[in-house]
Amino acid sequence: MNQDKCDAMKNVQAVCFALDDLRLFLDTHPYEKEAISNYEQYKNQRKQILQEYEQNFGPILAYNVKQENQWTWVESPWPWEGEL
């Protein structure tokens, strides 16, 4: 895995981890306005970095494959293949 792809995947993982952590916190603190605001910020950031990743390196999820005449999901390395 090239370094740019590796760095992009680490960024995706970090933002997803922060979202999961905030979601768990909000499960027990549903009225914490700062946490809700942070969750929305990370959610928007996740959407943006996933779009950037997929533009540069292909889809992370099979649901995001843009097939035309053939199924292309298996044509490139899986998103998690390679060293991180």
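Residues numbered from 1 in each chain as written. Predicted model: local features only at pLDDT ≥ 70, side-chain atom pairs only at ≥ 80, totals over all residues. Heavy atoms only, no water.

### Describing the nonpolar core
- M9, V12, V15, I49, L50, Y53 and I60 form the largest nonpolar core, which has seven residues in total.
- Elements with a contribution of two residues or more to this core: α1 (3-28) and α2 (33-57).
- In this structure, V12 is in contact with I49, L50, Y53 and I60, ignoring residues within four places of it in sequence. (Core = buried A, V, L, I, M, F, W, Y, C linked by side-chain atoms within 4.5 Å. Buried < 20%, exposed > 50% of the residue type's maximum accessible area, 1.4 Å probe, protein only. Helix = DSSP H or I, 4+ residues; strand = E, 2+ residues; numbered from the N terminus. Contact = heavy atoms within 4.5 Å.)

### Regarding the side chain of K5
- Assignment of secondary structure puts K5 in helix α1.
- Taking relative accessible area as the criterion, K5 reaches 11% and is therefore assigned buried.
- Excluding its chain neighbours within four sequence positions, the residues that come into contact with K5 are Y53, F57, P77 and W78.

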